[in-house]
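Listed below are the residues making up each chain.
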Amino acid sequence: METATTADLRENFLVDDLFETGEVHGVYTHDDRMIVGGAVPGHERLELPSWSEVLGTGSHLERRELGVVNVGETGHVLVDGEKFELGHLDGLYVGRGSEVAFTGADAAFYFVSAGAGATYPTTSLVHDEVSGVSIGSAQGASERNLYRYAWGSELKTATLQFGVTVLTDGSVWNTLPPHLHDRRTEVYLYVDLADDGRVFHFLGKPGATRHLILGNRQAVISPPWSIHAGAGTSSYAFIWAMSGENTEYTDLAPVPLEQL
């Protein structure tokens, strides 16, 4: 990363083509073997692909669990035939072994799957019913609300953690100070950003950081050795998702700014 060109960085860490109407797209990362994807049903019903040539299984969730967040308008996720309605930024956790499909003319579903050695119940995660945690400050342009959908405590998962963070008007920084997760990979998907807005996302090892410029509905992969932090040209939200050694969130290591 330290000597990569901008094109190299974008090819290896940026995910920018997930949302195409009538299609399901996904990216497999060897970092903790996460899959990040997007499904935009339009007027179709879209099945979660098995991608058996990559996963070596007959169905996507045969050995995996899934987190879904709707970044569009209201739609439905069908889990083994049961219909779950998801509004904007509503989430859904789906346990191992289920079959999943997506519907909704104006919906756009972001999903993350990760390996699972156990099966836990499918759980609806309505954004307005999740208690937000206020962090940051207006003075530091980092005031935001953290919505923890799957956090390793109230909702039991095998390895997956995900949620949504919404910045307040006037704030632009999404994480300060930057930090590392030695036992897990984290992916940010930036959403609700103006069409002409951008986020300057910082990544890399402390002392040798680089940056990528992301637009709306673009994601960036942060392996365990990489910091993650970013500042936008306006307010926005982002979906964070992690998978790794466990769901015990004790490996967060803040990196003081003077070390960058």
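Residues numbered from 1 in each chain as written. Predicted model: local features only at pLDDT ≥ 70, side-chain atom pairs only at ≥ 80, totals over all residues. Heavy atoms only, no water.

Colleague: Help me understand the pairing of strand S16 (residues 184–191) in this model?
Modeller: A regular strand carries its side chains on alternate faces of the sheet. Burial runs high along S16: eight of the eight residues are buried. Residues Arg184, Glu186, Tyr188 and Tyr190 line one face of S16 and the alternating positions Thr185, Val187, Leu189 and Val191 line the opposite face, and both faces are buried. As defined by bridge partners, S16 adjoins strand S21 (residues 237–244) across eight bridges and the pair is classed as antiparallel. Looking across to S21, one finds that Glu186 is bridged to Met242. Strand direction decides the pairing type here: S16 and strand S19 (residues 218–222), joined by five bridges, are antiparallel. Note on S19: the bridge partner recorded for Leu189 is Ala219. (Buried < 20%, exposed > 50% of the residue type's maximum accessible area, 1.4 Å probe, protein only. Helix = DSSP H or I, 4+ residues; strand = E, 2+ residues; numbered from the N terminus. Pairing = 2+ DSSP bridges.)

Colleague: What is the right way to read the nonpolar core from this model?
Modeller: Considering soluble globular proteins, one finds that nonpolar side chains tend to be buried as a cluster. By size, the foremost hydrophobic cluster in this structure holds 31 residues, and its most contacted members are Phe19, Val71, Tyr110, Tyr149, Phe162, Leu189 and Ile239. Sorting the residues of this core by element identifies strand S3 (35–40), strand S10 (109–115), strand S13 (144–150), strand S14 (161–167), S16, S19 and S21 as the ones contributing at least two each. In contact with Leu189, not counting residues within four places along its chain, are Phe19, Val71, Tyr110, Arg217, Gln218, Ala219, Ala237, Phe238 and Ile239. The next biggest cluster of nonpolar side chains, apart from the first, holds 21 residues, and it includes Ile35, Val68, Ala107 and Phe111. (Core = buried A, V, L, I, M, F, W, Y, C linked by side-chain atoms within 4.5 Å. Contact = heavy atoms within 4.5 Å.)

Colleague: Before we go on, may I ask you to explain the sheet that holds strand S8 (residues 91–94) in this structure?
Modeller: On the basis of which strands lie adjacent, the open sheet formed by six strands has the order S2-S3-S10-S5-S8-S11 and antiparallel pairing. Edge positions in the open sheet fall to strand S2 (23–28) and strand S11 (123–125), since each of these has one partner strand only. Going from strand to strand, the sheet's axes swing by 15 degrees on average, the running direction of each strand aside. Pairing between S2 and S3: six bridges, direction antiparallel. (Axes fitted to C-alpha atoms, helices over the stretch in contact; angles between N-to-C directions.)

Colleague: Explain the packing of aromatic side chains to me, please; I cannot follow it from the model alone.
Modeller: How two aromatic rings sit relative to each other is given by the distance of their centres and the angle of their planes. A complete count under the given rule lists eleven aromatic pairs for this structure. Considering the side-chain rings of Phe102 and Phe111, the 5.9 Å spacing of their centres and the 15 degrees angle between planes classify their relative orientation as stacked. With respect to burial, Phe102 and Phe111 carry one shared label: buried. Here the aromatic rings of Tyr149 and Phe162 are separated by 6.0 Å at their centres, their planes lie at 90 degrees, and the arrangement is edge-to-face. Of this pair, Tyr149 sits in strand S13 while Phe162 sits in strand S14; the two residues are 13 residues apart in sequence, bridging distant segments of the chain. (Phe/Tyr/Trp six-rings, centres within 6.5 Å; stacked < 30°, edge-to-face > 60°.)

Colleague: Sorry, what's going on with the layout of surface pockets here?
Modeller: One way to see where empty space is left: roll a probe the size of a water molecule over the atoms. Considered as a void within the structure, the second largest pocket measures approximately 250 Å³ in volume. Lining the second largest pocket are 13 residues, with Val130, Ser131, Arg148, Tyr149 and Glu154 sitting closest to its centre. Within the residue set of the lining of the second largest pocket, elements represented by two or more residues are S11 and S13. Residues that form the lining of the second largest pocket fall into these classes: seven nonpolar, three polar and three charged. (1 Å grid on protein atoms, 1.4 Å probe; cavity = no way out; pocket = protein on both sides within 12 Å on 5 of 7 lines; lining within 4 Å. Points joined across faces, edges and corners; volume = space filled by probe spheres on them. Nonpolar A, V, L, I, M, F, W, Y, C, P; charged D, E, K, R; others polar.)

Colleague: I tried to follow the sheet that holds strand S1 (residues 14–15) on my own but got confused; where do I start?
Modeller: Think of a sheet as strands paired side by side through backbone hydrogen bonds, with each pair either parallel or antiparallel. Spatial strand order, S1-S19-S16-S21-S14-S13-S12: seven strands in an open sheet with antiparallel pairing. Edge positions in the open sheet fall to S1 and strand S12 (132–135), since each of these has one partner strand only. Taken together, the six bridges between S13 and S14 define a ladder with antiparallel strand orientation. In the strand pairing of S14, Asn145 is matched with Val166.

Colleague: Even after reading the chapter, I still don't get the pattern of salt bridges, so can you show me in this structure?
Modeller: As a working rule, side chains carrying opposite charge can pair if their charged atoms are close by. Summed over the entire model, instances satisfying the criterion amount to one salt bridge. We note a salt bridge from Arg45 to Glu47, for which the minimum N-O separation is 2.9 Å. You can call Arg45 partly exposed: its relative accessible area is 49%. Owing to a relative accessible area of 43%, Glu47 belongs among the partly exposed residues under this scheme. (Salt bridge = Lys/Arg side-chain N within 4 Å of Asp/Glu carboxyl O.)

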